[in-house]
Amino acid sequence: MKQFLAFFLYISVLSSCNRNIESDLGEVDAYVPTYGSDAMLRKVSFEAVRPIVKAGKIVLYNNLLFQVEQDEGIHVFNVANPANPQRLGFIKSAFCKELAIKDNHLFTNNLDDLVVIDISSLSGTKVVNRLQGQFPEMILQHPNETGIYFECPDPGKGVVTGWTKTRLKNPKCNR
Amino acid sequence: MKNIIYIICFALIISLHASCGKESLSVSNSNGSSTGGSLARFTLVGNYLYTISYQNLRSYDINDPKNPILISEISVGPDIETIFPFKGYLFIGSSQAMYLYDISFPGKPKPTSQVSYLVFTGRDPVVANDTVAFSTVRSFNDQGGVMNVINIRQITNPSIIGTFIMEQPYGLGMQGEVLYVCEGDKGLKLFNVNALQGNGNTALIKAIQTGDTFYDVIPTQQTLYAYIKEGFMTYNIADAKNPVQLARITH
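Residues numbered from 1 in each chain as written. Chains lettered and ligands numbered in written order. Predicted model: local features only at pLDDT ≥ 70, side-chain atom pairs only at ≥ 80, totals over all residues. Heavy atoms only, no water.

**A few points about the nonpolar core**
The condition is simple: What is meant by a nonpolar core is a set of buried Ala, Val, Leu, Ile, Met, Phe, Trp, Tyr and Cys residues, joined one to another through side-chain atoms within 4.5 Å. Categorising residues by exposure relies on relative accessible area from a 1.4 Å probe, with only protein chains included: less than 20% of the type maximum marks a residue as buried, more than 50% marks it as exposed, and the intermediate range marks it as partly exposed. We count a stretch as a helix when DSSP gives it H or I for four or more residues in a row; a strand needs E for two or more, and each element gets its number in order from the N terminus. The contact rule is simple, with two residues in contact once any of their heavy atoms fall within 4.5 Å.
Judged by nonpolar contacts, the single largest core of 27 residues is most densely connected at Tyr180, Leu188, Phe214 and Leu224 of chain B. Elements represented by at least two residues in this core include exactly strand E3 (55-61) of chain A together with strand E14 (178-182), strand E15 (188-192), strand E17 (214-219), strand E18 (223-228) and strand E19 (231-236) of chain B. At 5 residues, E18 of chain B tops the list of elements feeding residues into this core. What Leu188 of chain B contacts, discounting residues up to four positions off in sequence, is Tyr180, Val181, Cys182, Lys206, Ala207, Ile208, Phe214, Val217 and Leu224 of chain B. Grouped together as the second largest cluster of nonpolar side chains are 17 residues, Val59, Ile74, Ile91 and Val115 of chain A included.

Below is the structure:
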């Protein structure tokens, strides 16, 4: 019975959220970050219509409907005739999750920045203000999965845009 | 004796797993890569924009919208994830608690109290009138949940006066006498607002199933806009109880 108890306790500790890491793991399954150029990702632009892939939140503003494309930007539709919505274009903004609109100004996030976009003329859509680093949690510092190892991100290489599973020798990060 | 030890061990393991699960849930939500629910990280009230990030609530003056001015920053609590305005207050939710901030002085939120997480969740509740609101609570595994009818006469001390079992509740919206509740892949359900406040047995008007997964709705006088997993749909609701599908925009 004591062995049973010890075994269960051992398993329990293993399955808890342990952030400390033993130095000699050998080669294990782990995730490595993929990086994007910070300068490129911080560019917000109005582009041609594109397919809806990961639909997000919708917001109605006058005759316009805005739908978040998760992590990519915002689709813009004319819904003056709700029976026949027209695709107008796409506001590209990396890591986009949210939007709100006031007086022809659209507030959204671009990576971890809060940006203000003038939408009074859609074709002339432009960023009129950017407050840097307002949403630090938007920058991916680890994979979503838990109970895994990963290569610690290196900010010098750019912004982490995703994670790829591979084999690594003694990865330094886990969660 | 043997059984008791088994039970203790089992409970221990489950509790440790559960604590891990909670962490991963909040983290994956903050990365937004989980489901498509409308987790609001910022909200507009009048001429002020309120945002949350980690433990902080920030208030921006946007009287001049192209020039937001940060006017206050307050530490609220750990891992806050959602924010919505409600009757002169900001409701800020974490996976553990719901904090209330009085915004009667705009841009200067003042902490008031903490309400039970089970009463409101991280989704905008719908207000029926001065005393009643509706709010959905979805269970963690996305299966099952309830819609609560809440007495909001005292907003800092809300109480549940009715509970309806739901299948997979998400966002909700009201137009006229009809409450529209998204039920994920179980469709869109219509309820009679008056009946919800009395005897619930006849409250359900109808369920609309299209094979789509419904997450949120914006009902207007004539048209209802529904956020579905693949995009959005429009319905004519000139007759609020009988929505007629107009368009389905996907791909």
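**Some remarks on the confidence of the model for chain A**
We count it as follows: Per residue, pLDDT captures the predictor's confidence, and it can take any value from 0 to 100.
Taken as a whole, chain A shows an average pLDDT of 87; of its residues, 87% reach a score of 70 or greater. This stretch, residues 7-20 of chain A, has a pLDDT under 50; its non-local contacts, to residues over four places away or in other chains, come to 20 contacts.

**Quick word on the pattern of salt bridges**
Put simply, the rule reads: Salt bridges are defined by distance alone: a side-chain nitrogen of Lys or Arg within 4 Å of a carboxyl oxygen of Asp or Glu.
Scanning the entire structure with this criterion turns up 19 salt bridges over all chains. Note that Asp103 of chain A and Lys102 of chain A form a salt bridge whose closest N and O atoms lie 3.1 Å from each other. For Lys102 of chain A, a relative accessible area of 11% puts it in the buried group. The partner of Lys189 of chain B in a salt bridge is Glu183 of chain B, with the nearest N and O atoms 2.7 Å apart. Here Lys189 of chain B falls in the buried class, since its relative accessible area comes to 11%. You can call Glu183 of chain B buried: its relative accessible area is 0%. Salt bridges here are not isolated pairs; linked through shared partners, they connect Asp38, Arg42, Asp112, Asp113 and Arg130 of chain A.

**Observations regarding the environment of Asn148 of chain B**
Residues and elements named next belong to chain B. Condition: Within 3.5 Å is the distance limit for a polar contact, defined as a pair of N or O atoms, with the added protein rule that one can donate a hydrogen and the other accept it, and that residues adjacent in sequence qualify only through two side-chain atoms.
Looking at the secondary structure, you find Asn148 in strand E11 (residues 145-151). The spacing of Asn148 and Asp239 is 91 residues in sequence and 25 Å in space, taken between C-alpha atoms. Only 3.0 Å separates the side chain of Asn148 from the side chain of Thr163, close enough to count as a polar contact.

**Some points on the sheet that holds strand E7 (residues 98-102) of chain B**
Residue and element names in this part refer to chain B. Short version of the rule: Whether two strands pair depends on DSSP finding at least two bridges between them. Here an axis means a line fitted to C-alpha atoms, over the contact stretch when the element is a helix, while the angle between two N-to-C directions is reported on a 0 to 180 degree scale.
As summarised here, the arrangement of the 4 strands in space is E5-E6-E7-E8, forming an open sheet in which the pairing is antiparallel. Each edge of the sheet is formed by a strand with only one pairing partner; in this case those strands are strand E5 (80-86) and strand E8 (110-115). Adjacent strand axes in the sheet meet at a mean angle of 25 degrees when their direction is disregarded.

**Description of unusual backbone geometry**
Residue and element names in this part refer to chain A. A positive phi angle, close to 75 degrees, is found at Asp71, a residue other than glycine. Within the secondary structure layout, Asp71 lies in the loop between strand E4 (64-69) and strand E5 (73-78). For Phe95, which is not glycine, the phi dihedral falls at a positive 70 degrees. Note that Phe95 resides in the loop between strand E6 (86-92) and strand E7 (99-102).

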